[in-house]
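Notes for the structure review
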Amino acid sequence: DERIRERYEQTKVILVSDMSGFTRTVRKRGILHFLSLIMLMRKIVVPILEAHGGYLVKTEADNLYMLFDDCDAAVAGCVKAQQALAAYNDAQAVEDDKALVGIGLDYGPVLNAVDDEDIYGYNRNRAEVLGEDEGDAELLLISDNVRASLSAPDAFTFSEPKQADGFDGDEPIEYYLIEWERSG
């Protein structure tokens, strides 16, 4: 275990995003339409997050898995990504043409198995709960770990703390909704 931790364990911000509306959109418009929205979302979001220090580990269907070194940069990049998506979405007349994404962030030790192109660990699971289970269209949810690690928390507006069930019976996760302006 120790050799694996020495080689792969890193303390990072973990981002897990998930698109909303898959079932509804596929039923109405077909899988190819939703696949085009996934590609559009990636084209808009990934460069913004990379410009804020994000590293794309993998994509899985309509999810993104990324790592960041810095909590402030991760949150700022996610706000910019949501604003860019909102600008695109606001120009769409039809709801099924919108690329709606929820984002969850956690901070802590993870195993970044570069050879395997994946992220493993408790904090990845927490990010997944926030991004997939609690997250919804246009939400940016950060864990208590991220909030506590921000060097400039006054740069962001937070909701009151909320709680989510932990991953697979783990302890509950305290999290915050980051409030962001549509134009930015």
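Before going into details, it helps to say that this report is about the structure given with it.

Conventions we followed
Residues numbered from 1 in each chain as written. Predicted model: local features only at pLDDT ≥ 70, side-chain atom pairs only at ≥ 80, totals over all residues. Heavy atoms only, no water. Axes fitted to C-alpha atoms, helices over the stretch in contact; angles between N-to-C directions. Helix = DSSP H or I, 4+ residues; strand = E, 2+ residues; numbered from the N terminus. Parallel < 35°, antiparallel > 145°, perpendicular 65-115°, else oblique. Contact = heavy atoms within 4.5 Å. Nonpolar A, V, L, I, M, F, W, Y, C, P; charged D, E, K, R; others polar. Buried < 20%, exposed > 50% of the residue type's maximum accessible area, 1.4 Å probe, protein only. Pairing = 2+ DSSP bridges. Phe/Tyr/Trp six-rings, centres within 6.5 Å; stacked < 30°, edge-to-face > 60°. Lys NZ or Arg CZ within 6 Å of the ring centre and 35° of its normal. Salt bridge = Lys/Arg side-chain N within 4 Å of Asp/Glu carboxyl O. Polar contact = N/O pair within 3.5 Å; in protein donor to acceptor, adjacent residues only side chain to side chain. Core = buried A, V, L, I, M, F, W, Y, C linked by side-chain atoms within 4.5 Å.

Right, let's get into the packing of helix 2 (residues 22–29) against helix 3 (residues 31–51). Two packed helices can be described by the angle between their axes and the distance between those axes. Axis separation between helix 2 and helix 3 bottoms out at 7 Å; the angle between their running directions is 130°. Regarding the angle of helix 2 to helix 3, the classification is oblique. Of helix 3, the residues touching helix 2 (which contributes F22, T25, V26 and R29) are I31, H33, F34 and L37. Taken together, the residues of the contact of helix 2 with helix 3 sort by class into 5 nonpolar, 2 polar and 1 charged.

Turning to the pairing of strand 3 (residues 63–68), a few remarks are in order. A regular strand places its side chains on the two faces of the sheet in alternate fashion. Taking burial as the measure, the 6 residues of strand 3 include 6 buried ones, the bulk of the element. Note: strand 1 (residues 9–19) against strand 3, 6 bridges, orientation antiparallel. Residue pairing for strand 3: V13 is matched across the bridge by F68. Direction of pairing for strand 2 (residues 55–60) relative to strand 3: antiparallel, over a ladder of 5 bridges. Each bridged residue has a counterpart across the sheet, and for L56 the counterpart in strand 3 is M66. Between strand 2 and strand 3, which pair antiparallel and follow one another directly, the connecting turn spans 2 residues, one of which, A61, has a positive phi of 55°.

Evaluation of the coordinates by the stated rule reveals 2 aromatic pairs. With a centroid separation of 5.0 Å and 90° between ring planes, the pair formed by F22 and F34 is classed as edge-to-face. With a gap of 12 residues between them, F22 in helix 2 and F34 in helix 3 connect regions that are remote in the sequence. By relative accessible area, F22 is classed as partly exposed at 39%. Pairing F158 with Y176 gives two aromatic rings, centres 6.0 Å apart and planes at 70°, and the pair type is edge-to-face. Placement of F158 in strand 7 (residues 157–158) and of Y176 in strand 9 (residues 173–179) is noted, with a sequence separation of 18 residues between them. The ring of F158 carries the charged tip of R147 above its face, separated from the ring centre by 3.9 Å. Positioned over the ring face of Y176 is R147, at 4.7 Å from the centre of the ring.

Moving on, we come to the pattern of salt bridges. Throughout the structure, instances matching the rule amount to 14 salt bridges. A salt bridge links D69 to K12, with the nearest nitrogen and oxygen atoms 2.2 Å apart. Taken together, the residues D69 in the loop between strand 3 and helix 4 (71–90) and K12 in strand 1 connect sequence positions 57 residues apart. Looking at D69, the relative accessible area reads 56%, which means it is exposed. When its relative accessible area of 15% is taken as the criterion, K12 is described as buried. Sharing partners across several salt bridges, the network here consists of K58, E60, D118, R124 and E128.

To continue, consider the side chain of K58. Assignment of secondary structure puts K58 in strand 2. A distance of 2.9 Å separates the side chain of K58 from the side chain of E60, its partner in a polar contact. Side chain to side chain, K58 and D118 meet in a polar contact 3.2 Å long. Apart from the residues within four sequence positions on either side, K58 is in contact with N63, L64, Y65, E117, D118 and R124.

Bringing the nonpolar core into the picture now. Ranked by internal contacts, the top residues of the largest apolar core, which has 35 residues, are L15, V75, L105 and I142. Those elements that place two or more of their residues in this core are strand 1, helix 3, strand 3, helix 4, strand 4 (101–113), strand 6 (140–143) and strand 9. Ignoring sequence-local partners within four residues, the contact set of I142 consists of V75, L105, L130, R147, L150, F158, E174, Y175, Y176 and I178. One finds V16, V110, I119 and A127 within the second-largest nonpolar core, a separate group that totals 8 residues.

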